[in-house]
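# A structural walkthrough
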Amino acid sequence: MTEKRKYQAAIEAILFTMGESVEAAKLAAALEVTEEDVCRLVHDMMEQYEREERGIQIIELEGAFQLCTKPELYDYLIRVAKQPKRHVLTDVLLETLSIIAYKQPITKLEIEKIRGVSSDHAVNKLIEYHLVCELGRLDAPGRPLLFGTTEDFLRSFGVQSVEELPVLDADQLEEFKQQAEEEMQLKLDI
């Protein structure tokens with residue numbers, strides 16, 4: 001076995017065993033090579049898996065790598081395994097998740113200022129679904145918790161980092177503001 005194949009076999013074993021993403025730095029430390037070497041090895045593996053039309057793939061998530069099943073093969077898995085529970089994201093959860101994704105790290109109070117209503121239930125549900133997590137505490141009176149998105153969020157929405165999230169142009173933003181103002185006016189008139 002060549003040295004390159006030995007390293008790739010080790011990477012594959014680590015990613016398979018961990019079952020979640022592993023940072024390139026941790027892989028490099030385990031193999032006693034540079035992060036650049038790890039990235040090169042993993043990208044070669046990614047291309048090889050694609051060329052060979054394998055049922056698995058390696059995905060990259062913010063400087064980390066994860067071995068997973070190709071999405072187009074999920075139907076076969078479901079026939080063998082019990083169908084995984086799908087979490088339903090209501091409009092309230094999606095709104096709260098969007099605010100967190102675009103404004104992270106963010107406190108619950110900041111979320112509530114934007115939404116105009118209490119967000120305890122929504123934030124707790126998003127944490128339960130592993131789409132949001134606590135990132136620490138704000139260095140301010142009361143030391144409120146800071147929230148941000150997780151790797152499960154990235155996987156669920158098919159992006160490698162939050163920088164890949166779509167950006168609204170000025171016209172869309174203005175249209176959303178007008179709609180929100182009209183909704184608020186309707187609520188006040190009732």
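Residues numbered from 1 in each chain as written. Predicted model: local features only at pLDDT ≥ 70, side-chain atom pairs only at ≥ 80, totals over all residues. Heavy atoms only, no water.

## What to know about the nonpolar core
Note the cut-off: Here, the term nonpolar core denotes a set of buried Ala, Val, Leu, Ile, Met, Phe, Trp, Tyr and Cys residues that are joined through side-chain atoms within 4.5 Å. Only protein chains enter the accessibility calculation, which uses a 1.4 Å probe; a residue whose area is less than 20% of its type maximum is buried, one above 50% is exposed, and one in between is partly exposed. Any pair of residues with heavy atoms lying within 4.5 Å of one another is described as a contacting pair.
Counting 20 residues, the largest nonpolar core has Leu97, Ile100, Ile111, Leu126, Leu131, Val132 and Phe153 as its most contacted members. What Leu126 contacts, discounting residues up to four positions off in sequence, is Leu89, Leu93, Thr96, Leu97, Ile100, Leu131 and Val132. Ranked by size, the runner-up nonpolar core spans 17 residues in total, among them Leu27, Ala28, Phe65 and Leu67.

## Re the packing of aromatic side chains
Basically, it comes down to this: Stacked, tilted and edge-to-face pairs are distinguished by plane angle, under 30 degrees for stacked and over 60 for edge-to-face with tilted covering the rest, among Phe, Tyr and Trp rings (Trp via its six-membered ring) whose centres lie within 6.5 Å. Each helix corresponds to a stretch of at least 4 residues labelled H or I by DSSP, and each strand to a stretch of at least 2 residues labelled E; elements are numbered beginning at the N terminus.
Summed over the entire model, instances satisfying the criterion amount to 1 aromatic pair. With 4.9 Å between their ring centres and 40° between their planes, Phe153 and Phe157 make a pair best called tilted. With a gap of 4 residues between them, Phe153 and Phe157 both fall in helix H8 (residues 151–157), about one helical turn apart. In this structure Phe153 comes out as buried when scored by relative accessible area, which is 3%. In this structure Phe157 comes out as partly exposed when scored by relative accessible area, which is 39%.

## Some details on a negative patch on the surface
To keep things clear, this is the line we draw: Candidate patch residues must exceed 30% relative accessible area and have no salt bridge, after which like charges are joined if within 9 Å and Val, Leu, Ile, Met, Phe, Trp or Tyr side chains if within 5 Å. A 1.4 Å probe and the Shrake-Rupley method give the accessible areas. Residues count as covered only by the protein chains that appear here. We count a salt bridge whenever a side-chain nitrogen from Lys or Arg sits within 4 Å of a carboxyl oxygen from Asp or Glu. Asp and Glu are treated as the negative residues and Lys and Arg as the positive ones, with His and the ends of the chain left uncounted. Charge positions are represented by NZ for Lys, CZ for Arg, CG for Asp and CD for Glu.
Together, Asp171, Glu174, Glu175, Glu181, Glu182 and Glu183 give the surface a local cluster of negative charge. By relative accessible area, Glu183 is classed as partly exposed at 49%.

## Some details on a nonpolar patch on the surface
A surface patch of nonpolar side chains, about 250 Å² in accessible area, is lined by Tyr74, Leu77 and Ile78. As for its position among the elements, Tyr74 is in helix H4 (residues 74–80).

## Remarks on the pairing of strand S3 (residues 64–69)
Just so we agree on the cut-off: Here a strand pair is declared whenever DSSP counts at least two bridges between the two strands.
The pairing of strand S1 (residues 22–23) with S3 spans 2 bridges and is classified as antiparallel. Within S3, the position partnered with Glu23 by the bridge is Ala64. Here strand S2 (residues 56–61) runs beside S3; their pairing, made up of 6 bridges, is antiparallel. Paired with Leu61 across the strands is Ala64, a residue of S3. Between S2 and S3, which pair antiparallel and follow one another directly, the connecting turn spans 2 residues, one of which, Glu62, has a positive phi of 45°.

## As for the sheet that holds strand S5 (residues 132–137)
Across the sheet, 3 strands lie side by side as S4-S6-S5; this open sheet has antiparallel pairing. Each edge of the open sheet is held by one strand with a lone partner, namely strand S4 (106–107) and S5. When S4 meets strand S6 (residues 145–149), the two strands line up antiparallel, connected through 2 bridges. In the sheet register, Thr107 faces S6, and the bridge partner there is Leu146.

## Quick look at the environment of Leu31
For Leu31, the position within the fold is in helix H2 (residues 24–31). What Leu31 contacts, discounting residues up to four positions off in sequence, is Tyr7, Ala10, Ile11 and Val38.

## Examining the side chain of Arg115
For clarity, the cut-off: We call two N or O atoms a polar contact when they sit within 3.5 Å, provided that within protein one can donate a hydrogen and the other can accept it, with sequence-adjacent residues counted only if both atoms are side-chain atoms.
Considering the arrangement of structural elements, one finds Arg115 in helix H6 (residues 108–115). At 3.1 Å, the side chain of Arg115 forms a polar contact with the side chain of Ser119. Dropping the residues within four chain positions of it, Arg115 is found in contact with Val92, Glu95, Thr96 and Ile99.

## So, the pattern of salt bridges
Evaluated as defined, the whole model comprises 11 salt bridges. The partner of Arg54 in a salt bridge is Glu12, with the nearest N and O atoms 3.5 Å apart. Residue Arg54 is found in the loop between helix H3 (35–51) and S2, and its partner Glu12 is found in helix H1 (residues 3–18); the two are separated by 42 residues along the sequence. One salt bridge in this structure joins Arg155 and Asp152, with 2.5 Å as the shortest N-O distance. Here Arg155 pairs with Asp152, and both are found in helix H8, just 3 residues apart, close to one helical turn. Classification of Arg155 by relative accessible area gives partly exposed; the value is 29%.

## Brief notes about the packing of H1 against H2
Packed helix pairs are characterised by how far apart their axes lie and by the angle those axes make with each other. Keep this limit in mind: Working convention: axes come from line fits to C-alpha atoms, limited for helices to the stretch in contact. Angles between N-to-C directions cover 0 to 180 degrees. By definition in this entry, angles of less than 35 degrees are roughly parallel, angles greater than 145 are roughly antiparallel, angles of 65 to 115 are roughly perpendicular, and the rest are oblique. Should the near helix be turned anticlockwise from the far one by less than a right angle, the crossing is left-handed, and should it be turned clockwise, the crossing is right-handed.
Two elements in contact, H1 and H2, have axes whose closest approach is 11 Å; the angle formed by their N-to-C orientations is 125°. For the element pair H1 / H2, the angle class is oblique. H1 and H2 meet at a crossing whose hand is right-handed. Contacts from Tyr7, Ala10, Ile11, Ile14 and Leu15 of H1 reach H2 at Leu27, Ala30 and Leu31.

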